[in-house]
Amino acid sequence: MKYRTIGTDPRHRREVSVLALGAMLFGSRTDEQTSFAVLDRYVEAGGNFIDTSDNYAFWIDGSQGGHSEELLGRWRRSRGIGDEVVIATKLGARPLAPGTSYTDNAEGLSAKVIRESAERSRERLGVQKLDLLYAHIDDHRVPLQETVEGFAALVAEGTVGLLGVSNQAIWRVERARALAAAAGLPGYEVLQYQHSHLRPRFDVPSDLFPDGSLGHAGAELLGYLRSEPALTLVAYSPLLGGAYGRADKPLPPDYDHPGTPARLAVLREVARETGASVNQVVLAWQMGGELPVVPLAGASSAAQLEENLAAVDLELSAEQRARLDAAH
């Protein structure tokens, strides 16, 4: 395994594996035995960066979520896992009532919710301190200053280490970071956005993003990373839900545009040249690139995890990287 540093404050920064493990479906669609087996193998291989959320996976059974955090808590206790494993979680998108969603009834990012939701997550995970806590989605109903101060208060109390943000407009991220800096408070240092080798359309509206996606890492976010070396991108859904390698998994609709075939073709060329799978090429491209990107990949079986782990040692040549970067 290889590692990189997230965070800048010596009191909270962590060395994390270059490949993060997504636990979204653990304890719901992925049963406990399988989840434990995947977690055990990931840690055995040197992995130490696991991602979850307080609302995972509410959509499976119409609940409010919490399944993933609860399973990770049971796994930690049964294996005697301590702070050597970094567990990141998120708040803000948990439905306030069963049968609702984050688009119509999200918990939000008030100071009260931040404190109460973080405490519930600590209890479910069985930890004294949340290593990394994200604002999962934006909340325009609450003054941004309140959200910034709410997160910072938990860091000051020692119940949260690093702060992160996901699925928000970059201007909102920068405004929140500026408010924190002006007040001498800790701000967001880890950005979690969807990012893969294929480039999506950004103009496709959705219930959460009526003006087009704010959840993908596009030119603005990548440029932000270049200008702010303290930031790290955690790239979720790097393998597009299995669509790169499975005929029964079509590409998501927002990847259906004229630029996709050329980038797919280069991925397949490099896969043939290296003897790796397309999935492994995507992960290696992210892990070894110029920008600080940590791919966050889930696994519903040991076999899927093994394929992903093998990407850590896949070395792409400068020429291959140049082709992958330039394809359009």
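The rules behind these values
- Residues numbered from 1 in each chain as written.
- Predicted model: local features only at pLDDT ≥ 70, side-chain atom pairs only at ≥ 80, totals over all residues.
- Heavy atoms only, no water.
- Helix = DSSP H or I, 4+ residues; strand = E, 2+ residues; numbered from the N terminus.
- Rg over C-alpha atoms; globule rule 2.2 N^0.38 Å.
- Buried < 20%, exposed > 50% of the residue type's maximum accessible area, 1.4 Å probe, protein only.
- Areas by Shrake-Rupley, 256 points an atom, 1.4 Å probe, with all protein chains shown as cover.
- Arc of directions from axis to C-beta.
- Contact = heavy atoms within 4.5 Å.
- Pairing = 2+ DSSP bridges.
- Axes fitted to C-alpha atoms, helices over the stretch in contact; angles between N-to-C directions.

*Asks:* When you look at the overall build of the protein chain in this model, what are you seeing that I'm missing?
*Replies:* In terms of helices and strands, the protein chain carries eleven helices and ten strands. Here the C-alpha radius of gyration of the protein chain, 19 Å, is about what a compact globule of 328 residues would show, namely 20 Å. Here the C-alpha coordinates of the protein chain stretch approximately 55 × 45 × 40 Å along the principal axes. In the protein chain, which comprises 328 residues, the proportion classed as buried is 54%. A total accessible area of about 13,900 Å² is found for the protein chain, and carbon and sulfur atoms account for 52% of it.

*Asks:* Sorry, what's going on with helix 10 (residues 302-310) here?
*Replies:* Given 3.6 residues to a turn, an α-helix orients residues that are three or four positions apart in the same direction. Among all positions in helix 10, only Leu305, Asn308 and Leu309 are buried. Viewed along the axis of helix 10, the buried residues span an arc of 100 degrees, placing them on a single side of the element. Buried residues in helix 10 make contact with strand 3 (20-22), helix 1 (32-44), helix 9 (278-287) and strand 10 (293-298).

*Asks:* I keep staring at the sheet that holds strand 9 (residues 232-236) and nothing clicks. Help me out?
*Replies:* Strand pairing in a sheet is mediated by backbone hydrogen bonds. Such pairs are either parallel or antiparallel. Around the barrel, which closes on itself, the eight strands sit in the order 3-4-5-6-7-8-9-10 with parallel pairing between neighbours. Across this sheet, the average inter-strand angle for adjacent strands is 30 degrees, counted without regard to direction. Of the strand pairs in this sheet, strand 7 (residues 160-166) and strand 8 (residues 190-194) are connected by three bridges, and their pairing is parallel. From the neighbouring strand, Ser166 faces strand 8, where its bridge partner is Gln192.

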